[in-house]
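What the coordinates show
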Amino acid sequence: YQQHRFTTFIFIVGFVEVLLFYLFKMGKNRTRKVGITGKYGTRYGATLRKLLRKVEVSQHATYRCTFCGKDSVKRTNTGIWSCKSCKKVVAGGAYSLSTASAVTVRSTIARLRKIQSESA
């Protein structure tokens, strides 16, 4: 009986060591290359998964609030971004807070305002 308990204990210790090895050594490298798109496995092709990774990383990121200046703006729905700090809700892009075309429009409006104020 004593020998049986000892071998059972050794077996459990060995099992725990293997489990810890997989959790800490293997677990952290599981999606080292693919990141958030690891959930798709080998489906859809590498190029599409790389494009999707860029979109998903930007959609889950936190952005700086233009009102309070804190990094607390997160996406709530498609195109809806809300600041957790000052509770402001802003309409933006579907996957990022501001799109490239919105930046272009904003700079054009600023340039036209500057020209208008100089001429008046």
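Preceding this paragraph is the structure being described.
Residues numbered from 1 in each chain as written. Predicted model: local features only at pLDDT ≥ 70, side-chain atom pairs only at ≥ 80, totals over all residues. Heavy atoms only, no water.

1. Description of unusual backbone geometry
Notably, Y44 is not glycine yet its phi reads approximately 75°, a positive angle. Tracing the chain through its elements places Y44 in the loop between α1 (2-26) and α2 (46-60). Positive phi, normally seen in glycine, also occurs at K87, with a value near 65°. In this fold, K87 is placed in the loop between β3 (80-83) and β4 (89-91). For K87, a relative accessible area of 63% corresponds to the exposed category. (Helix = DSSP H or I, 4+ residues; strand = E, 2+ residues; numbered from the N terminus. Buried < 20%, exposed > 50% of the residue type's maximum accessible area, 1.4 Å probe, protein only.)

2. Re the pairing of strand β2 (residues 71-77)
Here strand β1 (residues 63-64) pairs with β2 via two bridges, running antiparallel. Residue Y63 lies in a different strand from β2, and its bridge partner there is V73. Hairpin connection from β1 to β2: six residues lie between these consecutive antiparallel strands, with G69 at a positive phi of about 85°. In the sheet, β2 pairs with β3 via four bridges, with the strands oriented antiparallel. Bridge pairing in β3 links K74 to S82. Linkage of β2 to β3, two consecutive antiparallel strands, is achieved through a turn of two residues, within which G79 is found at a positive phi near 80°. (Pairing = 2+ DSSP bridges.)

3. Describing the packing of aromatic side chains
One pass over the full model with this rule turns up two aromatic pairs. Arranged with centres 5.8 Å apart and planes meeting at 80°, the rings of Y40 and Y44 form a pair that is edge-to-face. A relative accessible area of 19% places Y40 in the buried class. Note on Y63 and W81: the rings are 5.3 Å apart at their centroids and 90° apart in plane angle, and the pair reads as edge-to-face. Taken as a pair, Y63 in strand β1 and W81 in strand β3 lie far apart in primary sequence, 18 residues in all. Residue class for Y63 comes out partly exposed when judged on its relative accessible area of 21%. (Phe/Tyr/Trp six-rings, centres within 6.5 Å; stacked < 30°, edge-to-face > 60°.)

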